[in-house]
Amino acid sequence: MLRIQEHVNLQPFNTFAIPVTARYFCEVTSEAELISLCSQLTDYPRYMVLGGGSNVLFCNHYDGLIIHNRIQGISFEAKNQKVHGQFGGGENWHECVLRSVEQGLYGIENLSLIPGTVGAAPVQNIGAYGVEIKDVFVSLRAVNLIAGNVEIFNAERCQFDYRDSVFKQAEAGKFCITEVTLSLDKAGSPKAGYGELSAELAQCGISAEDATPKQMSNAVCTIRKRKLPDPSELPNAGSFFKNPIVSADKHQQLKQSFPDMVSYALPNGEYKLACGWLIDAMGWKGKLQNGAQIHQQQALVLINRGGGAEAICNFANDIKAAVYERYGVTIESEPGWIS
Ligand code: EPU
């Protein structure tokens with residue numbers, strides 16, 4: 001039964017812990033509930049779907065309806081040589097990784113400990129340690145909030161890109177993802193190409209060629225805990241900026257001025273720059289400004305130190321301006337700013 005609450009404090013529903021309120025708030029626990037809600041959506045000034053709140057920055061009180069996706073369900077089904085994992089859009093992503101890993105399945109172990117829900121994962125094509133969700137993606141079900149029907153998206157329709165998909169572009173705000181199906185593999189192999197990951201495995205005496213999904217997951221968790229602040233202790237939304245992509249010419253020019261700069265060659269000839277390095281090399285790691293802070297262990301993460309959205313937005317703009325001034329590179333924030 002759908003219950004629309006009013007004046008709900010969103011602080012527990014966003015990992016930046018910004019204490020804004022939602023004028024209207026509603027939890028949905030099934031596709032059917034969501035479909036029944038669609039016909040009422042025109043009654044509200046605006047609406048948005050919220051998962052784990054780990055990729056949003058609420059800049060103001062929200063005057064519309066927040067639809068909180070709580071659709072549960074985890075199941076595994078043998079499919080040819082693979083196993084298809086089906087995960088409800090409201091499930092916690094890391095719980096799903098743990099369940100897959102417990103079954104000895106390869107595929108998403110490198111994406112351990114990423115905060116947020118399953119439904120949010122394809123929206124920004126979550127990725128870490130050499131794997132993105134697109135690599136194992138089969139399909140998803142999503143409710144079209146305008147038409148009130150269920151639609152199926154395959155990988156092509158999702159238009160996945162680095163931290164991007166059709167759900168952030170042409171279809172932004174139109175769908176609520178209710179279920180995601182991923183292709184997992186008992187006979188798979190570990191993806192330990194990311195330097196820090198192979199180093200961590202070596203440290204634990206584990207061979208990178210035959211690490212189990214559980215061992216991979218544990219190694220990723222160790223690295224993440226070391227570098228990324230726990231939002232329950234230090235409110236944050238993971239990487240605040242995307243790693244910028246520049247042309248080969250621009251990359252070469254930067255390398256001449258900054259030989260230590262960390263970058264990755266992309267298949268199309270462009271280069272992705274480690275934005276954490278760019279900020280760190282300005283000497284800004286740990287910098288505190290009016291209640292917002294750049295994390296001491298990872299310069300790409302901004303922490304709410306009590307200054308709230310205003311402090312975070314101002315600081316983010318200052319960082320962006322300083323990076324542009326020093327490197328001539330424009331950086332974009334990863335979380336969506338909701339004003
Ligand atoms: N670096 C620095 N100083 C810093 C931070 C990073 O010099 O303060 C250097 C590191 O030494 C390393 C390089 O930059 O050589 C890359 O750093 P890291 O491995 O921590 O990865 P990242 O590029 O900063 C990305 C993702 C993370 C993901 C990691 C691991 C983005 C925006 N971020 O960070 O994702 O966990 O790779 O794959 O692509 C997230 O999206 O919220 C997130 C945490």
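Up top is the structure.
Basis of the calculations
- Residues numbered from 1 in each chain as written.
- Predicted model: local features only at pLDDT ≥ 70, side-chain atom pairs only at ≥ 80, totals over all residues.
- Heavy atoms only, no water.
- Axes fitted to C-alpha atoms, helices over the stretch in contact; angles between N-to-C directions.
- Helix = DSSP H or I, 4+ residues; strand = E, 2+ residues; numbered from the N terminus.
- Contact = heavy atoms within 4.5 Å.
- Nonpolar A, V, L, I, M, F, W, Y, C, P; charged D, E, K, R; others polar.
- Near = heavy atom within 4 Å.
- Polar contact = N/O pair within 3.5 Å; in protein donor to acceptor, adjacent residues only side chain to side chain.
- Areas by Shrake-Rupley, 256 points an atom, 1.4 Å probe, with all protein chains shown as cover.
- Domains from an automatic or database assignment.
- Buried < 20%, exposed > 50% of the residue type's maximum accessible area, 1.4 Å probe, protein only.
- Pairing = 2+ DSSP bridges.
- Parallel < 35°, antiparallel > 145°, perpendicular 65-115°, else oblique.
- Left-handed = near helix turned anticlockwise from the far one by under 90°.

## Quick word on the packing of helix 2 (residues 93-102) against helix 5 (residues 213-227)
- Axis separation between helix 2 and helix 5 bottoms out at 9 Å; the angle between their running directions is 150 degrees. Within the contact between the two elements, helix 2 uses His 94, Leu 98 and Val 101 and helix 5 uses Pro 213, Lys 214, Ser 217 and Cys 221.
- Across the contact of helix 2 with helix 5, the residue classes break down as four nonpolar, two polar and one charged.

## Section: the site of the ligand
- Tyr 129, Tyr 162, Tyr 194, Lys 227 and Asp 280 are the nearest of the 26 residues found near the ligand.
- Taking Tyr 129, its main chain carries an N or O atom lying 2.6 Å from an oxygen atom of the ligand.
- Between the ligand and Tyr 162, the relevant distance is 2.7 Å, taken from an oxygen atom to a side-chain nitrogen or oxygen of the residue.
- Considering the ligand on its own, with 810 Å² of exposed area, one finds that the protein chains cover 83% of that surface.
- Looking at the shell around the ligand residue by residue, the classes come out as 12 nonpolar, six polar and eight charged.
- When residues of the shell around the ligand are assigned to domains, at least three fall in each of domain 2 (74-188) and domain 3 (236-338).

## Side note on the pairing of strand 19 (residues 301-304)
- Burial along strand 19 is two-sided: the residues Val 301 and Ile 303 and Leu 302 and Asn 304 are all buried.
- Strand direction decides the pairing type here: strand 13 (residues 236-239) and strand 19, joined by two bridges, are antiparallel. Along strand 19, the bridge assignment pairs Asn 236 with Ile 303.
- Here strand 18 (residues 292-294) pairs with strand 19 via three bridges, running antiparallel. Among the inter-strand pairings, Ala 292 is bridged to a residue of strand 19, identified as Asn 304.

## A closer look at the packing of helix 4 (residues 195-203) against helix 5
- The geometry of helix 4 relative to helix 5 is characterised by a closest axis approach of 9 Å and an angle of 110 degrees between their N-to-C directions. As judged from the angle between their axes, helix 4 and helix 5 are roughly perpendicular. The two elements helix 4 and helix 5 cross, and the hand of that crossing is right-handed. Together, Glu 196, Leu 197, Glu 200 and Leu 201 of helix 4 and Gln 215, Met 216, Ala 219, Val 220, Thr 222, Ile 223, Arg 226 and Lys 227 of helix 5 make up the contact between the two elements.
- Residues belonging to the contact of helix 4 with helix 5 are distributed by class as follows: six nonpolar, two polar and four charged.

Keep in mind these numbers describe shape, not what the thing actually does.
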